Structure formats: C-alpha cells, structure tokens
Amino acid sequence: MMTSSSSSSVMRKLDVVSPVPSDIDIANSVQPIHISEIANHLNLTPNHYDLYGKYKAKVLLSALDELQESKDGYYVVVGGITPTPLGEGKSTTTVGLCQALGAFLDKKVVTCIRQPSQGPTFGIKGGAAGGGYSQVIPMDEFNLHLTGDIHAITAANNLLAAAIDTRIFHESTQSDKALFNRDVMFRRLKKFGISKTNPDDLTPEEVNKFARLDIDPDSITWRRVMDINDRFLRKITVGQGPDEKGMVRETAFDISVASEIMAVLALTTSLTDMRERLGKMVIGNSKSGDPVTADDLGIGGALTVLMKDAIHPTLMQTLEGTPVLVHAGPFANIAHGNSSIVADKIALKLVGPGGFVVTEAGFGADIGTEKFMNIKCRYSGLTPQCAIIVATIRALKMHGGGPAVVAGKPLDHAYLTENVALVEAGCANLARHILNSKAYGANVIVAINKFSTDTDAELNAVKKAALDAGAYDAVICSHHAHGGRGAVDLGIAVQKACENATQPLKFLYPLDIGIKEKIEAIAKSYGASGVEYSEQAEKKIELYTKQGFSGLPICMAKTQYSFSDNAAAKGAPTGFILPIRDVRASIGAGFIYPLVGTMSTMPGLPTRPCFYDIDLDTTTGQVIGLS
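Looking up the protein in an unreviewed UniProt entry gives the name formate--tetrahydrofolate ligase, with the organism given as Medicago truncatula. In UniProt, the protein has this text filed under Subunit (unreviewed entry): "Homodimer." The heading Pathway (unreviewed entry) in the UniProt record of the protein holds the text "One-carbon metabolism; tetrahydrofolate interconversion."

**Notes on the layout of surface pockets**
A probe matching the size of a water molecule, rolled over the atoms, marks out where space remains unfilled. In this structure, the second largest pocket encloses a volume near 990 Å³. Taken together, 43 residues make up the lining of the second largest pocket; nearest its centre are Ile220, Thr221, Arg223, Asp582 and Arg584. Broken down by secondary-structure element, the contributors of at least two residues to the lining of the second largest pocket are β9 (249–251), β10 (253–255), α11 (260–267), β11 (282–285), α22 (535–546), β20 (577–586) and β21 (591–596). Of all the elements, β20 adds the most residues to the lining of the second largest pocket, at five residues. A class-by-class count of the residues in the lining of the second largest pocket yields 19 nonpolar, twelve polar and twelve charged. Lining the lining of the second largest pocket are residues from two domains, each supplying at least three of them: domain 2 (150–306) and domain 3 (515–595).

**Let's talk about unusual backbone geometry**
A cis amide bond, omega 0°, links serine 18 with the succeeding residue proline 19. Secondary-structure assignment places proline 19 in the segment before α1 (23–29). Cis geometry is found at the peptide bond from isoleucine 137 to proline 138, where omega equals -5°. Mapped onto the elements, proline 138 comes out in the loop between β6 (134–137) and α6 (139–143). A positive phi angle, near 70°, is found at asparagine 43, a position not held by glycine. You can see asparagine 43 is positioned in the loop between α2 (35–41) and β1 (49–51). Judged by relative accessible area, which is 16%, asparagine 43 ranks as buried. Positive phi outside glycine occurs at leucine 146, with the angle close to 50°. Within the element layout of this structure, leucine 146 appears in the loop between α6 and α7 (149–171). Assessed through its relative accessible area of 10%, leucine 146 is described here as buried.

**Some details on the sheet that holds β21**
Taken in spatial order, the three strands make up an open sheet running β19-β20-β21, and their pairing is mixed. Of all the strands in the sheet, just β19 (530–533) and β21 have a single pairing partner and so form its edges. The average undirected angle you get between the axes of adjacent strands in this sheet is 50°. Two elements, β20 and β21, share six bridges in a ladder whose sense is antiparallel. Paired with arginine 584 across the bridge in β21 is tyrosine 593. Most of the contacts of helix α21 (residues 515–526) go to β19, to which it runs at about 130°, and overall it touches β19, β20 and β21. This element, α22, spans β19, β20 and β21 of the sheet and lies at about 40° to β20.

**Details of the packing of helix α12 (residues 271–280) against helix α13 (residues 300–307)**
Where α12 meets α13, the closest approach of the two axes is 8 Å, and the angle between their N-to-C directions is 130°. Our classification of the angle between α12 and α13 gives oblique. Here α12 runs over α13; the crossing is right-handed. Facing Leu271, Met274, Arg275, Leu278 and Gly279 of α12, the residues of α13 in contact are Gly300, Gly301, Leu303, Thr304 and Met307.

**Here's the deal with a nonpolar patch on the surface**
There is a patch of nonpolar side chains on the surface, built from Leu605, Phe611 and Tyr612 and spanning about 290 Å² of accessible area. The residue tyrosine 612 is located in the loop between β21 and β22 (615–616) in this model. A relative accessible area of 51% places tyrosine 612 in the exposed class.

**A word on the side chain of glutamate 370**
In this structure, glutamate 370 sits in helix α15 (residues 368–380). No salt bridge forms around the buried glutamate 370; measuring N to O, its nearest opposite-charge neighbour lysine 371 is 5.9 Å away. The contacts of glutamate 370, once residues within four sequence positions are left out, are Ala365, Tyr440, Leu508, Tyr509, Ile522 and Ile554.

**As for the nonpolar core**
Leu160, Met307 and Leu430 are the most contacted members of the largest nonpolar core, which totals 106 residues. Among all residues touching methionine 307, those that are not within four sequence positions of it are Ala152, Ile153, Ala156, Ile261, Leu265, Met274 and Leu278. Formed by 27 residues, the second largest nonpolar core is a distinct cluster that contains Val282, Val531, Ala537 and Val596.

**Structural notes on the domain arrangement of the protein**
Partitioning the protein into structural domains gives domain 1 (23–148 + 309–499), domain 2 (150–306) and domain 3 (515–595). The interface is formed by 13 residues belonging to domain 2 together with eleven residues belonging to domain 3. The contact between domain 2 and domain 3 buries some 880 Å² in all, and 53% of this surface belongs to carbon and sulfur atoms. Its largest share of buried area at the contact with domain 3, domain 2 owes to Glu260, Arg277 and Val282, together 35% of the area lost on that side. Here domain 2 and domain 3 share seven residue pairs in polar contact (both at pLDDT 80 or more) between them. For the side of domain 2 that touches domain 3, the secondary-structure elements that each account for two or more residues are α11, α12 and β11.

**Details of the environment of proline 573**
Take proline 573: it is sitting in the loop between α22 and β20. Along the chain, proline 573 and leucine 626 lie 53 residues apart, while their C-alpha atoms are 36 Å from each other. Filtering out sequence-adjacent residues up to four positions away, proline 573 remains in contact with Arg432, Tyr526, Gly527, Ser562, Phe563 and Ser564.

**With respect to the packing of α21 against α22**
It is at 10 Å that the axes of α21 and α22 come closest, and there the two elements cross at 125°. The angle between α21 and α22 places the two elements in the oblique class. Here α21 contributes Ile515, Lys516 and Ile519 to the contact with α22, which in turn contributes Glu538, Ile541, Tyr544 and Thr545. When the residues that make up the contact of α21 with α22 are grouped by side-chain class, the tally is four nonpolar, one polar and two charged.

Criteria and thresholds
- Residues numbered from 1 in each chain as written.
- Predicted model: local features only at pLDDT ≥ 70, side-chain atom pairs only at ≥ 80, totals over all residues.
- Heavy atoms only, no water.
- UniProt positions renumbered as here; feature names shortened; annotations may be inferred.
- 1 Å grid on protein atoms, 1.4 Å probe; cavity = no way out; pocket = protein on both sides within 12 Å on 5 of 7 lines; lining within 4 Å.
- Points joined across faces, edges and corners; volume = space filled by probe spheres on them.
- Helix = DSSP H or I, 4+ residues; strand = E, 2+ residues; numbered from the N terminus.
- Nonpolar A, V, L, I, M, F, W, Y, C, P; charged D, E, K, R; others polar.
- Domains from an automatic or database assignment.
- Buried < 20%, exposed > 50% of the residue type's maximum accessible area, 1.4 Å probe, protein only.
- Pairing = 2+ DSSP bridges.
- Axes fitted to C-alpha atoms, helices over the stretch in contact; angles between N-to-C directions.
- Contact = heavy atoms within 4.5 Å.
- Parallel < 35°, antiparallel > 145°, perpendicular 65-115°, else oblique.
- Left-handed = near helix turned anticlockwise from the far one by under 90°.
- Patch = residues over 30% accessible without salt bridge, like charges linked within 9 Å, V, L, I, M, F, W, Y side chains within 5 Å.
- Areas by Shrake-Rupley, 256 points an atom, 1.4 Å probe, with all protein chains shown as cover.
- Salt bridge = Lys/Arg side-chain N within 4 Å of Asp/Glu carboxyl O.
- Lys, Arg positive; Asp, Glu negative; His and termini not counted.
- Core = buried A, V, L, I, M, F, W, Y, C linked by side-chain atoms within 4.5 Å.
- Buried area = accessible area lost by both parts, 1.4 Å probe.
- Polar contact = N/O pair within 3.5 Å; in protein donor to acceptor, adjacent residues only side chain to side chain.

Written out as structure tokens, the structure reads:
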C-alpha cells in the first residue's frame, strides 16, 4: 500500500548569493537528499522503485498499476518563444516553478523532464538540468549517463541495424530451406494470414514468402546511432569488408536521441505497448514495395529485452528537494521533443487532486508545444490545463531586429541597454506563440525570465503585449537568481489558471485527413502561405498512403530558430512557402515526420565545444566546468 506524508516533508531552503555562481558550483554546493526520502515524500514504498545509488531511483510501472483508480492532479506544459542559440531558460523555468509550488506554496508537485543528450552537453548548448538556483541534482549524473537509458536505446537501435544488413547478406547466399530452418516466427506467419503452426505443412510458396524479406537496400531508412555530435558520420558506407562480398551501400549515423526507439520510449503507455511498437517499426521496404518491420526480422523481442529497464522513469530532485521524474529525451527539432507519457501518468497520480505535474516541451512552442498537443496528448489521453510560454528580453530584442546572437560570442550592446521599441517589435513572435497555444484550449501564461540587464520599462512592455495577445497572465520571474522564491508569483498564476481551466483539448488537425492536409495545417500555424514538396517527398507521401500509414499524426523536423524554414527569419514571418525536402515514417512510435529544408539528424560540434571547459577534480572527484 501507498503511505501518506506531508507535502513539504523534505523541502530544502536555499541560501542564495549574488552574483549567481556557475551552475556546477551551485549544484556541488548542495548536499542532495537520499532518494528514498524523496520517494517517501511521494508516498512510494520500496516495492515501487529500484535504487541506482544514493540519489537516483527507477520508479517501476507497478506504481502506476496500483494507482490506476486515483484521480489526477493538474497538468502544465512549459514551452517558449522562438529561442536564441543561448536558450531562454525553459528548463530553468520548469524547475523554478516546481520549486516555488513545492517549497513555498506547499503543493504536491512533480517535475517531468527529458534526459539530456550528450551531444549538446559536450557540444554547443551544454546540459539541460536547469540553471542557477533552479536545477536538478546531482547535475553531473543528470547530464551524463544517468541510469543508462540512452545507452540502452543506442544498443537496441544498432542491434536492429546489424540485423538488417545481416539479413540481406544471408538472403543473398542461402536457399529458402536454409533460411526457413533458422527462422520460424509465428508473428510473421500471422502477418501473411497463414494459420498453420506446423512448419512441415507450409507450401514452397509459403516458405518463400515467409523466409525471404527481399529488402530493397535503397529503401532502408534505419540508420546507426551514437549519442555524440559527429558531423563526419552524416554519410558513411558499410559492407566494405572482404567477408561481405562487396555488399557496399551508403547509409549514415543519427544522434541517439533521434532514434525511433527513443520516440517509442517517450510515447509508449506500458511494457506490452512498447513491445508492440518496437515490433511495428518499419526499417524499409521489400522490392515489391511492402513495409518491412522489426518483427519481420524477428528482433522485436530482443529489442524489448534491451529496453525493459529503460521504460521505468528515473526519480531525482531539485535543489530545493522537490521530486523530478526524468524520462526519455527525443530532440524537439528532429523528433517530438517531450519527455515520456508514462512519467507524466505516474506523476499525475502521485500528486493527486490539487497537485501539479509540470512538464517541458522542447524549443519554441511552434515545435515543442505543438507536438506535445497533437502527438503526445493524442496517445496519452491527457489534457493540460495550463500552457506556459517562456520569454526573455534578449530573445524579443533579437526578434525585433537586434543583431545576431551567437553562442560563444559576447552579446551586442543592444542587448545590454534599454530599448523598449526593439522589445515591442519582437513581441510579434510572442503574440503568435500565444495565439497558437491558446487554440488548444489551455490557459496560456507568459513567464518572463528576468536577466540583470532587463529594465522595468522593457519587462512591463512584454507584460502588456502578452495580455493584449490574449494570455491569461504574464509574470516576471527571477528563479535563476533566487530559486523557487523567484517563481512564487508564477506558481500562484499557474494555480489560478489550472483552477479556472474549462475548455477541452482541441487538436490542430483531425487524423482522418491526408498527410498533405495535416502538413499544411501545421505550416499555416507557422505563418506559411503554402507548402512545396520535393519529388522525393511526393513519392514518400504516396508510398505511406498506399501502405496505410496516412492516419498518423505529423512530427515536423524543422529549425528551432524561426517559425519558417529559414533560421535567419526572425519575428513572426508570413507569406513564405514551407519546403518539404523529404518525408519519413516512425511507424512504431506512431508518426510521420517531414524534413523541412535542410534539417540534419546528426548535429555537429561547434568551433568551441562545451567539452573545452569540462574536467574532473581528481582530489575531490567533483565534475567541474559542466554547464
């Protein structure tokens, strides 16, 4: 049975200092609470979690089964305006809000966020544990290996990649009988409507159909992955060894968090559901045009075994002792950019009526919040009461016509001095995000993430613009500098917004229209006047429609730096034509993803990567330089 506990039993008050120290210094200055105390605060017993050291635990899905009849708490999603390359503090705001709700407003609260990829952690962006006095700790464990989920995804993905090439190789050298004798799978027999269970009863034609996948190498969409930004793996050739008899083909690596297996983990609802989704993943087509799945290769079960521990969310804590569930980490520009459904469902039951679950949607609301609503909420059946949009004066000045913001370079003078007109011009970007987010039915709150260089006149201009655009409220926050105390006003506003939410969830498009119609509905929300499809995209849409996949939702792979495909087009551009370069399918995860423009699924390292600053203090064992 679950036990009861006080909502503030393990909360910690921070001693903040100014100026704000580095993120890693703040994280290292706070002694984490043993994770069993955090679990007990959530009314979890030791039967509901497995410890991973002192400060992490895997919450088992059995907890959700036991709580199935309990009522949910309030559900809040945090998106943002179109960001600069420096980020606008969306993760920091998510954490700071939860610290305010739990440590200052005495509410049951759980933060649900993604696991960061090592690509940006060592690359251009840094980690994703929040920042300043609003962080998830231990910060180094959160940003690096955590409990190994991304490693499990990498292993499973690459096992499937190996199986594909091996199958093609063996089919080129083996007879039907030899293949058949190694390969009796009842799932595949059922796929072809063959009800026989005795292999000896199959006709030669049935043996041929069963044993040969006849994969078209040119149709293979499944790539190998690794969780590192490595631009030199964007195109590779495989099969050059002497034992592979010249079976050379071009392929590529993606970053691990872009793997469909990551998307499956994020969108699954149970272990049984995950097994089915992994088996349904389409890796390419046969030469006759039929989709070939992981179950056709006989590997769905093995993939599930590799992922059996990864399906359980990881319990951690904020600097102020409020609980956090970290689970899944799909990129928001390449994939759907949201943490897992199972973590949200567990959290909503644990906080109960009057409690809050706050989850983050990646990048700007045009990408993260749109996919949260139209993909994640479709599969979860959950409805958010409040949608937050994080804005900064810095980003609004950029959208108003300010100079380019470049990671690693000092900010231009325009960003450090008052310029209300520039801020007001940039609020066109904020206004469109508010309009789009309101359309889903949730109450929209703008969280203005305050920097030390922001002036009252600039902050007030944003508040006015947000309210004029239809926001439920707009609140100035200082959680980076002050922790939960700096987000108390935001917490009060969120509580009011949730208590007064009355509208059902509204989707941007129905599922029963064509792939193109769905793409065009999303493009219209960006401000596009039309969509242009490449010849390749046209062929893929025709193929997926023929194969019966047109009823899936759409996951746009688009730059995060603009509503349009052009990262340099700031503000709220209109009248542009959105180019669709290619269209791919994640059938197991359950979406079609068009590639807009030249979207890359393997990021590269910048001139000065974050790894320059990262080291280990060999005396204390503490990580230094992580941001």
